[in-house]
Structures are given as C-alpha cells and as structure tokens.
Amino acid sequence: MFRKVKKRHSSSSSQSSEISTKTLCPSTVCRLHRFPTGNNASEACAEFRVKYVGAIENLQFEMSKTLQEPLDLISYIDAAQQDGKLPFVPGDEEMVLGVSKHGVKVASVDQCDVLHRHPLYLIVRMLCYDDGLGAGKNLLALKTTDTKQQQCSIWVYQCSSSEQAQNICKVLSASFDCALSSNKP
C-alpha cells in the first residue's frame, strides 16, 4: 500500500516535495516529524527517488577517524571525485532510497533489486550539500562502519533538490529517535 504525501513549506515559494510512505507492519510509527507510540501504530518507510553516484568502501579505521566533521567528509568526497575514484555525475538510472527505523535501503525503481542496505546501527553520519556544479542538485553522503568498527565506507547519492536531501536527513534523524525510543521500557 502506497500513499503519496505532499509537504509544503510555509515560504513564499510554491515548491513541494513528494514523500511516498509504505506501511510495513504493526509496531512503532516512524514518520517525518512525529512518532505516535503505542501497540496499535504501524511502522512506515519514507521513500525518495535518488541517483547513485558511487562509494568509497573499506577505509581503514585511522582514515575514518579523520572524517569526523562534515567539512572533512565533504572535502574527502571532493578529492575522490577529482582523483577519479568517484564520478562527478551519477548514471541516468533513478533508484528508490527508503528510510525506516531499520536503516536505509536502496533499490531499483520497481523494487525488485535491492542494491544497498545500510542498517541503522551501522550508520555513522549522513549529510547533504550542494554538488557545486550549478545545476541545483545536492549530494547525500552516508558514512557507515562495519560491525567490528574497524573500517568505514562512504556512499554518495544525488538528490533532485536541496529540499529532498534535507528531507532524507530529517527522516533518518527521526528514525534514529524512533529506534532509540522504542528500546526504552
């Protein structure tokens, strides 16, 4: 079951972002901004259409420690793009990035192929920023670690707008809050 939800900001612009929510199963509700709790609530997953830029995988722990601040992470991604380790422009294929209290899942548009899964407990940081190419696109960077916390990886996705990138970060932040509050007695 899919519902389309339009969210409008109170600014004078008429821009809107579309968030698709998918009901999964009874549990705690994880939605943008509000989380009603209780046994009768259902869990939701916010989905966004993005493009995959690339990943820098299996960075050693020492390198991971130098990428603690957002500016350091952005600078590292920019350097990787200039060195040819990451492309400046993603491929043409759109993907669906789903965010829930379980983490981030990136799948094909038809949802048949899951390309990446990032469990919530392995996500270290998510940030969005302007790609600097002047087309109004924003990059979404996701820093993850392995289960032993010895390595990290950086996953980069392109969003269609600043508003979409910010909404993804808000939903992920809310998912952390939801997961943490559902573990309390």
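Our subject is the structure listed above.
Position labels on residues start from 1 in each chain and follow its written sequence. With the structure being a predicted model, the display of local features is reserved for residues of pLDDT at least 70 and the display and counting of side-chain atom pairs for 80 or more, all residues being used for whole-chain, interface and lining totals. The side-chain quantities take in all heavy atoms of the structure and omit both hydrogens and water.

Student: Would you mind showing me how to read the overall build of the protein here?
Tutor: Helix and strand content of the protein: three helices and nine strands. Element order for the protein, N to C, with α for helix and β for strand: β-β-β-α-α-β-β-β-β-β-β-α. With 185 residues in all, the protein has 43% of them scored as buried. Surface exposure here means Shrake-Rupley accessible area, sampled with a 1.4 Å probe, where a residue is shielded only by the protein chains that are shown. Accessible surface computed for the protein: about 10400 Å², of which carbon and sulfur atoms make up 49%. Helix numbering and strand numbering both begin at the N terminus, where a helix is a DSSP run of H or I of at least 4 residues and a strand a DSSP run of E of at least 2. Exposed residues in this analysis have more than 50% of their type's maximum accessible area, buried residues have under 20%, and partly exposed residues fall in between, with area computed by a 1.4 Å probe over protein chains only.

Student: Sorry, what's going on with the pattern of salt bridges here?
Tutor: For side chains bearing opposite charge, pairing can occur when the charged atoms are close. Here a salt bridge means any side-chain nitrogen of Lys or Arg lying within 4 Å of a carboxyl oxygen belonging to Asp or Glu. In total, this model carries one salt bridge according to the counting rule given. A salt bridge links R49 to E94; the shortest N-O distance between them is 3.4 Å. Of this pair, R49 sits in strand β3 (residues 42-60) while E94 sits in strand β4 (residues 94-100), placing them 45 residues apart in sequence. Note on E94: relative accessible area 34%, which makes it partly exposed.

Student: Can you help me understand the packing of aromatic side chains in this one?
Tutor: The description of two aromatic rings rests on the distance between their centres and on the angle between their planes. Stacked, edge-to-face and tilted labels apply to pairs of Phe, Tyr and Trp rings (six-membered ring for Trp) whose centres lie within 6.5 Å, assigned for plane angles under 30 degrees, over 60, and everything in between, in that order. Inspection of the entire model under this criterion finds one aromatic pair. Ring centres 5.6 Å apart and planes at 50° place the aromatic pair Y52 and Y157 in the tilted group. Residue Y52 is located in strand β3, and its partner Y157 is located in strand β9 (residues 151-159); the two are separated by 105 residues in the primary sequence. Exposure remark for Y157: the relative accessible area of 0% places this residue in the buried category.

Student: Could you clarify how one ought to interpret the pairing of strand β5 (residues 103-108) in this entry?
Tutor: Here is the key point about a regular strand: its side chains alternate between the two faces of the sheet. Of all six residues in β5, five are buried; the element is thus mostly enclosed. One requirement defines pairing of two strands: DSSP has to find at least two bridges between them. Pairing geometry for β4 and β5, over six bridges, is antiparallel. The residue of β5 that forms the bridge with G98 is K105. Taken together, the five bridges between β5 and strand β6 (residues 114-119) define a ladder with antiparallel strand orientation. Note on β6: the bridge partner recorded for V104 is H118. The loop that links β5 with its antiparallel partner β6 comprises five residues; one of these, Q111, has a positive phi angle of about 65°.

Student: Would you explain helix α2 (residues 70-82) in this entry?
Tutor: A turn of α-helix holds 3.6 residues, and therefore any two residues three or four places apart point the same way. Helices are assigned an expected span. That span is 1.5 Å times one less than the residue count. With 13 residues, α2 ought to run about 18 Å at 1.5 Å a step, and its terminal C-alpha atoms sit 18 Å apart, in line with that. Backbone geometry just downstream of α2 places G84 in the positive-phi region, at approximately 85°.

Student: I'm lost on the pairing of β4 in this one. Help?
Tutor: Burial runs high along β4: six of the seven residues are buried. The hairpin turn running from β4 into β5, its antiparallel successor, is two residues long.

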